[in-house]
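Listed below, chain by chain, are the residues.
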Amino acid sequence: TNLCKAINSTVDLVGATIRKSTGRFKVDMAPNLPLVHMSPRDIEVIVVNLLQNACQSLSSREESVTIDLAVNEATNDIVLTVSDEGCGIPENVLPQVKDPFFTTRRKSGQTGLGLSVCQSIVQSHGGTLTISSAVGKGTTANVTLPIACDKEESDKNQ
């Protein structure tokens, strides 16, 4: 799958939520990225969940949400980063955020399955999902995925 196309499509899908939550949304994708072995649907699930979490953490439209997509040459992975300037996650809660059914937003109807599902999808494709956060400063989710093919083969498929 071409991650750039899949991410652009997903951003369009959740565009109303993004526009409602922030006036400072940015997508930065490196050009000519290699492909990954993952369906567009799986990418959509991951990006929707990460974007929704980021948007829900914001207390004003002045706080930003950013998507970055780049190649880590050292590890031969593609790195998808979704970061926000929202409320952040307390240090004592951070280790639980990927646990099934864990949520701090149960009163607003959240199930606590989003990051758990993301974790499962990413791991099933040989990748990793890491979450870092600081209260009052925001949260960063990093998804690393192995590259599916070399750059020449990728260029033929784009």
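Every value quoted in this text rests on a predicted model; they were computed, and no experiment measured them.

Draft legend 1. Fine view of the overall build of the protein chain. Counting secondary structure elements, the protein chain contains 5 helices and 5 strands. In sequence order, the protein chain lays out its α and β elements as α-α-β-α-β-β-α-β-β-α. Counting over 158 residues, the protein chain shows a buried share of 44%. Partitioning the intrachain contacts of the protein chain with sequence separation of at least 6 by distance along the chain shows that 66% fall at a separation of at least 24. Per element, the accessible surface of the protein chain, about 8500 Å² overall, is 50% carbon and sulfur.

Draft legend 2. Focus on the pairing of strand β5 (residues 138–146). In this structure, strand β3 (residues 77–84) lies alongside β5, joined through 8 bridges in antiparallel fashion. In the strand pairing of β5, S83 is matched with T140. Relative to β5, strand β4 (residues 128–134) runs antiparallel, the two sharing 7 bridges. Within β5, the residue paired with L129 across the bridge is V143. Following β4, the chain reverses through 3 residues before pairing antiparallel with β5; G136 in that reversal takes a positive phi of roughly 80°.

Draft legend 3. View of the nonpolar core. Within the largest apolar cluster, 40 residues are counted, with the highest numbers of intra-cluster contacts made by I7, I43, I46, L51, I67, L69 and V143. Taken together, the elements giving at least two residues each to this core come down to α1 (3–13), α3 (40–57), β2 (64–72), β3, α4 (114–124), β4 and β5. Here this core takes 9 residues from α3, the largest share from any one element. Those residues within four positions of L69 in sequence are excluded, and the remaining contacts are L3, C4, I7, D28, M29, A30, L33, I78, V79 and L80.

Draft legend 4. Summary view of the side chain of D77. Structurally, the position occupied by D77 is in strand β3. Nearest to the buried, unbridged D77 among oppositely charged side chains is K98, at 14 Å. If we skip the residues at most four places from it in the chain, D77 touches A70, V71, N72, T144, L145, P146 and I147.

Draft legend 5. Up close: the sheet that holds β5. Spatially, β1-β2-β3-β5-β4 is the arrangement adopted by the 5 strands of the open sheet, whose pairing is mixed. A strand with exactly one partner marks an edge of an open sheet, and here the two such strands are β1 (24–29) and β4. Averaged over neighbouring strand pairs, the angle between their axes works out to 10° when direction is ignored. Contacts from α3 reach β1, β2, β3 and β5 within the one sheet, and its direction differs from that of β3 by about 25°.

Draft legend 6. Representation of the environment of V79 in the model. Mapped onto the elements, V79 comes out in strand β3. Each C-alpha atom of the pair V79 and L69 lies 5.7 Å from the other, and the pair is 10 residues apart in sequence. Beyond its immediate sequence surroundings of up to four residues, V79 is in contact with D68, L69, A70, N72, N142, V143 and T144.

Draft legend 7. Spotlight on the packing of α3 against α4. At a minimum axis separation of 9 Å, α3 and α4 run at an interaxial angle of 145°. In the packing of α3 onto α4, the handedness of the crossing is left-handed. The residues of α4 that touch α3, namely those facing D42, V45, I46, N49, L50 and N53, are G114, L115, V117, C118, I121 and V122. Residues belonging to the contact of α3 with α4 are distributed by class as follows: 8 nonpolar, 3 polar and 1 charged.

Draft legend 8. Inspection of the pattern of salt bridges at higher detail. Following the criterion strictly, the structure yields 2 salt bridges and no others. A salt bridge links R24 to E85; the nearest nitrogen and oxygen atoms lie 3.0 Å apart. With R24 in strand β1 and E85 in the loop between β3 and α4, this pair connects stretches of sequence that are 61 residues apart. In this structure, the salt-bridge partner of R41 is E44, at a minimum N-O distance of 2.7 Å. Here R41 pairs with E44, and both are found in helix α3, just 3 residues apart, close to one helical turn. Relative accessible area serves as the criterion here: at 53%, R41 is assigned to the exposed category. A residue is classified by how much of its surface remains accessible, and E44, at 21% relative accessible area, is partly exposed.

About the thresholds
- Residues numbered from 1 in each chain as written.
- Predicted model: local features only at pLDDT ≥ 70, side-chain atom pairs only at ≥ 80, totals over all residues.
- Heavy atoms only, no water.
- Helix = DSSP H or I, 4+ residues; strand = E, 2+ residues; numbered from the N terminus.
- Buried < 20%, exposed > 50% of the residue type's maximum accessible area, 1.4 Å probe, protein only.
- Contact = heavy atoms within 4.5 Å.
- Areas by Shrake-Rupley, 256 points an atom, 1.4 Å probe, with all protein chains shown as cover.
- Pairing = 2+ DSSP bridges.
- Core = buried A, V, L, I, M, F, W, Y, C linked by side-chain atoms within 4.5 Å.
- Lys, Arg positive; Asp, Glu negative; His and termini not counted.
- Salt bridge = Lys/Arg side-chain N within 4 Å of Asp/Glu carboxyl O.
- Axes fitted to C-alpha atoms, helices over the stretch in contact; angles between N-to-C directions.
- Left-handed = near helix turned anticlockwise from the far one by under 90°.
- Nonpolar A, V, L, I, M, F, W, Y, C, P; charged D, E, K, R; others polar.

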